[in-house]
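# Descriptive analysis of the structure
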Amino acid sequence: MTVATIEKKAKLITGRDGRPVEVILPYNIYRELLELERSMEIFRRKETQESVKRAKEDIKHGRVKAFSDMKDAIKWLDK
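Scope of this entry: the structure provided in the associated data block. Position numbers for residues count from 1 along each chain, tracking the sequence in the order it is written. Given that this is a predicted model, residues contribute local features only at a pLDDT of at least 70 and side-chain atom pairs are listed and counted only at 80 or more, while totals for whole chains, interfaces and linings are drawn from all residues. For side-chain calculations, the full set of non-hydrogen atoms in the structure is used, while hydrogens and water are omitted.

## As for the overall build of the protein chain
Keep this limit in mind: Put simply, DSSP marks the helices as runs of H or I at least four residues long and the strands as runs of E at least two long, and each gets a number from the N terminus on. Only C-alpha atoms enter the radius of gyration, while the globule expectation follows 2.2 Å times N to the 0.38, with N the number of residues. To sort residues, take the accessible area from a 1.4 Å probe on protein chains only and compare it with the maximum for the residue type: under 20% means buried, over 50% means exposed, and anything in between is partly exposed. For this analysis, residues touch if any pair of their heavy atoms sits within 4.5 Å. Calculation of accessible area relied on Shrake-Rupley with a 1.4 Å probe; when residues are assessed, cover is drawn exclusively from the protein chains displayed. Charge assignment: positive for Lys and Arg, negative for Asp and Glu; neither His nor the chain ends contribute. For the purpose of locating charges, the reference atoms are NZ of Lys, CZ of Arg, CG of Asp and CD of Glu.
If you tally the helices and strands in the protein chain, you get 4 helices and 2 strands. Taking 12 Å as the expected radius of gyration for a compact globule of 79 residues, we find that the protein chain reaches 21 Å, considerably beyond that expectation. Along the first, second and third principal axes, the C-alpha set of the protein chain runs to 65 × 25 × 20 Å. The buried share of the protein chain, reckoned over its 79 residues, is 4%. Taking the contacts inside the protein chain whose residues are at least 6 apart along the sequence as the reference set, 11% of them involve residues at least 24 apart. Element-wise, carbon and sulfur atoms account for 56% of the exposed surface of the protein chain, whose accessible area totals about 7500 Å². Looking at the protein chain, you have 19 positive and 14 negative side-chain charges, and the mean spots of the two groups are 2 Å apart.

Here it is in structure tokens:
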């Protein structure tokens with residue numbers, strides 16, 4: 001879902017001073033935003049960042065293995 005779509009569907013609740021204080025969103029948008037936040041929490045973890053860094057180094061140095069399908073990958077993992 002795009003930011004523009006979220007902005008169109010959001011309802012702003014303003015305070016007495018006219019400033020937005022709350023937002024009402026359709027439930028499906030709320031769920032998507034929660035899932036995005038959950039993903040970002042995982043991505044920001046130190047362990048995840050270290051793993052991404054190691055993976056980039058492996059790719060850079062050619063320490064990768066390509067498979068034609070999932071079945072081949074599973075066979076390779078079982079070795």
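The structure having been displayed, the exposition proceeds.
## Quick notes on the packing of aromatic side chains
As a reminder, the rule being used: Any Phe, Tyr or Trp ring, taking Trp's six-membered ring, that has another such ring centre within 6.5 Å forms a pair; planes under 30 degrees apart are called stacked, those over 60 apart edge-to-face, and the others tilted.
The final tally for this structure, using the stated rule, is 2 aromatic pairs. Taking 5.9 Å as the distance between ring centres and 40° as the angle between the ring planes, the aromatic pair formed by Tyr27 and Tyr30 counts as tilted. Taken as a pair, Tyr27 and Tyr30 lie in helix α2 (residues 27-44) at a separation of 3 residues, close to a single helical turn.

## Looking at the pairing of strand β1 (residues 11-14)
As a general feature of sheets, a regular strand has side chains that alternate between the two faces. Operational definition: Strands qualify as paired when DSSP identifies two bridges or more between them.
With 4 bridges joining them, β1 and strand β2 (residues 20-24) adopt antiparallel strand pairing. For Thr14, the partnering residue across the bridge sits in β2 and is Pro20. Two successive antiparallel strands, β1 and β2, enclose a turn made up of 5 residues, where Gly18 displays a positive phi of approximately 90°.

## A short note on the pattern of salt bridges
Inclusion rule: Think of a salt bridge as a Lys or Arg side-chain nitrogen and an Asp or Glu carboxyl oxygen that are within 4 Å of each other.
The full count for this structure, using the stated rule, is 4 salt bridges. Asp17 is the partner of Arg19 in a salt bridge, and the nearest nitrogen-oxygen pair spans 4.0 Å. Like Asp17, Arg19 is exposed. Residue Glu37 is joined to Arg44 by a salt bridge in which the shortest nitrogen-to-oxygen separation is 2.9 Å. Look at Arg44 and you get partly exposed, because its relative accessible area is 49%.

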